[in-house]
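Secondary and tertiary structure notes
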Amino acid sequence: MRTNRFHSINFILWLSFLLFAAFIILITWVFQTSLLKVFLSKEAEEDLDSMGAIAYRELKDKMPVEYNEEQITYCINKLEDKYIAATFYIVSGDGVPFYTGIYSGDHVLPNVEGFRRAVSEFQIAWQRGENVSNGKRVRLDNSHYVYVALLSEGAPTGNTNEAEKTYLYIDYSTELVNAAMGTMRVQLILISIIVIFLALVISALLSIKLTRPIMQITRAAKRMAAGDYTVNFKGEYSYKEMDDLAETLDYAKEEIGKSDQLQKEVLANVTHDLKTPLTMIKAYASMIQEISGDNPEKRAKHTQVIIDESDRLTSLVNDILNLSKIRSDMDSLKIEAVNLSEFVHTVIERFDYLVETNGYRIERNIEDELYTEADVNKLEQVVYNLIGNAVNYTGEDKRIMVGLKRVAGKKIRLTVSDTGKGIPPEEVSTIWDRYYRSAETHKRPIKGTGLGLSIVKTILLKHGFEYGVESEVGKGSTFYVLFPEK
């Protein structure tokens with residue numbers, strides 16, 4: 001069997017923060033070691049191209065055969081002051097500097113091989129037809145760039161040897177940038193350690209803060225599961241979701257408490273209702289056996305009690321079974337079209353014996369030809385139980401009113417009213433519960449089991465019909481059902 005493995009919120013938050021911090025550090029490392037390096041190299045190349053073009057334009061016109069040495073030296077020094085990472089040379093074709101800046105040394109070219117390589121690539125590019133009129137950038141290695149441009153075809157010394165050429169040569173190093181990146185790597189290592197440490201600490205503190213109310217609610221829920229419905233889930237929570245959860249659990253606690261109390265009442269009532277007829281049946285059976293067996297009149301009276309109590313017992317068992325079947329969906333609905341007007345008339349006629357023998361009045365206000373769709377058998381239970389409930393609770397005038405009419409929204413409203421003492425407001429929400437009994441003592445002409453309104457509620461909920469009760473103490477009650485008109 002496969003078992004689920006669960007981790008605590010503390011562990012999940014701790015791991016999430018740690019992974020997030022590691023991800024941020026990884027992204028930073030990738031940016032610094034790869035993207036930043038590419039970006040800086042690209043920027044260095046663009047800077048070198050820009051300074052090379054500027055230097056070429058400023059020196060080109062200052063390189064005639066009759067030259068001004070002071071003016072050229074001033075120009076080179078000015079360029080080196082502006083571009084501190086570069087060293088400027090004016091070099092002959094064989095690699096001998098004519099002019100250098102203040103940072104270039106005493107007319108010595110440090111890297112002659114680099115110069116020759118740059119001139120070679122410059123000449124190759126020229127032969128290929130590339131636009132190198134302002135010069136060409138050449139990368140010698142990862143931290144070293146040079147720039148070479150042809151200033152003149154003759155030597156600036158005044159030598160008329162046309163074979164000699166004069167080049168602008170710029171030595172540009174990115175070693176300072178590389179050193180700065182190395183320092184940044186060391187700093188990044190320290191920052192990574194600090195970030196991971198802070199992530200661990202913050203995640204631990206945050207997880208404790210987040211899980212404390214959860215643990216509190218869990219402890220309260222365990223107490224409620226053990227049957228203690230006095231627990232209180234509400235508290236001072238720092239976030240709304242926990243407060244909403246606490247309110248929901250408090251509501252669930254109240255409903256479960258009501259259900260538990262109702263279950264105890266149902267058990268007590270069912271025990272009592274089953275015990276009473278069984279006791280009566282046994283007692284009268286014994287009386288027949290011992291006293292009235294030879295007396296036909298007494299025997300008939302006693303056996304009638306047995307029959308009545310058996311009927312009562314059967315009715316109780318049937319109601320309990322019907323309610324259980326409806327609630328467990330074992331008894332599916334058989335929906336069909338029904339003439340509700342004729343149907344209500346038919347159910348009312350079942351109470352004619354009360355009108356004839358007990359003086360009850362059942363007044364009808366029923367519109368004709370009103371149709372709906374429902375399970376006829378279940379609908380009969382609804383109407384019968386509502387009228388039977390009105391009969392049991394109506395006033396001394398023994399008057400019941402049954403109405404059926406069309407209302408707005410393509411609905412049909414069935415009403416069953418009595419003239420009894422009404423339902424107190426605090427009891428309105430509980431009258432649909434199993435074994436609800438009014439505090440009023442009365443004599444019922446219809447023997448009930450206390451499950452009638454609960455059966456009505458269950459059937460109407462199963463159909464999806466709206467229902468309710470309107471009552472005023474001292475003036476009676478009106479139960480209503482809204483059917484969809486078809």
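Below or above, wherever it landed, is the structure these notes cover.

As a further point, take the sheet that holds strand E4 (residues 144-152). Across the sheet, five strands lie side by side as E2-E1-E5-E4-E3; this open sheet has antiparallel pairing. Each end of this open sheet is capped by a strand with a single partner; those strands are strand E2 (97-100) and strand E3 (136-141). When strand polarity is set aside, the average angle formed by the axes of neighbouring strands in this sheet is 25°. Looking at chain direction, E3 and E4 are connected through five bridges and run antiparallel. Note on E4: the bridge partner recorded for Asp-141 is His-144. Taken strand by strand, helix H3 (residues 112-127) contacts strand E1 (86-92), E3, E4 and strand E5 (166-173), and its axis lies near 135° from that of E3.

So, on to the pairing of strand E10 (residues 411-418). Across the eight residues that make up E10, a large majority, seven, are buried. Bridging between strand E9 (residues 399-407) and E10 involves eight bridges; their strand directions are antiparallel. Across the sheet, the residue bridging to Gly-403 is Thr-415, located in E10. Strand direction decides the pairing type here: E10 and strand E12 (residues 476-484), joined by seven bridges, are antiparallel. Bridge assignment links Val-416 to a residue of E12, and that residue is Phe-479.

Right, let's talk about the environment of Val-195 for a bit. Summarising the element assignment, Val-195 is placed in helix H4 (residues 175-225). With 177 residues separating them along the chain, Val-195 and Leu-18 place their C-alpha atoms 9.2 Å apart. Beyond its immediate chain neighbours, meaning those up to four positions away, Val-195 contacts Ala-21 and Ile-25.

Moving on: the sheet that holds E9. For sheets, the rule is that strands pair by backbone hydrogen bonds, running either parallel or antiparallel. Spatially, E7-E9-E10-E12-E11 is the arrangement adopted by the five strands of the open sheet, whose pairing is mixed. Edge strands, defined here as strands with exactly one partner in the open sheet, are strand E7 (361-366) and strand E11 (466-472). When strand polarity is set aside, the average angle formed by the axes of neighbouring strands in this sheet is 15°. Contacting E9, E10 and E12, helix H9 (residues 376-393) crosses the sheet at an angle of about 30° to E10.

Our focus in this paragraph is the packing of aromatic side chains. Given two aromatic rings, their pairing is described by the distance between the two centres and the angle made by the two planes. Counted by the stated rule, this structure contains eight aromatic pairs. Note on Phe-115 and Tyr-169: the rings are 5.2 Å apart at their centroids and 85° apart in plane angle, and the pair reads as edge-to-face. You can see Phe-115 sitting in helix H3 and its partner Tyr-169 sitting in strand E5, a full 54 residues away along the chain. Neither residue differs from the other here; Phe-115 and Tyr-169 are each classed as buried.

Looking now at H9. Its 18 residues place the ends of H9 26 Å apart at the C-alpha level, agreeing with the 26 Å of an ideal helix rising 1.5 Å per residue. When H9 is considered as a whole, its buried residues turn out to be Lys-378, Leu-379, Val-382, Val-383, Leu-386, Ile-387, Gly-388, Asn-389, Ala-390, Val-391, Asn-392 and Tyr-393. Backbone nitrogen of Asn-377 and a side-chain oxygen of the N-cap are separated by 3.1 Å at the start of H9; the cap is Asp-375.

In this sheet, E12 lies alongside E11 in antiparallel orientation, the contact comprising seven bridges. By the bridge assignment for E12, Glu-472 is matched with Gly-476. Hairpin connection of E11 to E12: three residues between the antiparallel strands, including Gly-474 at a positive phi of 90°.

In this section: the pattern of salt bridges. Here the structure, examined in full by the defined rule, presents 12 salt bridges. With a shortest N-O distance of 2.8 Å, Glu-363 and Arg-399 are connected by a salt bridge. With Glu-363 in strand E7 and Arg-399 in strand E9, the pair connects residues that are 36 residues apart, well separated along the chain. We note a salt bridge from Arg-413 to Glu-470, for which the minimum N-O separation is 3.4 Å. With a gap of 57 residues between them, Arg-413 in strand E10 and Glu-470 in strand E11 connect regions that are remote in the sequence. For Glu-470, a relative accessible area of 44% puts it in the partly exposed group. Here the salt bridges do not stand alone but share partners, grouping Glu-45, Asp-49 and Arg-137 into one network.

Rules behind the numbers
Residues numbered from 1 in each chain as written. Predicted model: local features only at pLDDT ≥ 70, side-chain atom pairs only at ≥ 80, totals over all residues. Heavy atoms only, no water. Pairing = 2+ DSSP bridges. Helix = DSSP H or I, 4+ residues; strand = E, 2+ residues; numbered from the N terminus. Axes fitted to C-alpha atoms, helices over the stretch in contact; angles between N-to-C directions. Contact = heavy atoms within 4.5 Å. Buried < 20%, exposed > 50% of the residue type's maximum accessible area, 1.4 Å probe, protein only. Phe/Tyr/Trp six-rings, centres within 6.5 Å; stacked < 30°, edge-to-face > 60°. Expected span 1.5 Å × (residues − 1). Polar contact = N/O pair within 3.5 Å; in protein donor to acceptor, adjacent residues only side chain to side chain. Salt bridge = Lys/Arg side-chain N within 4 Å of Asp/Glu carboxyl O.

Any functional reading would require information beyond the geometric quantities listed.
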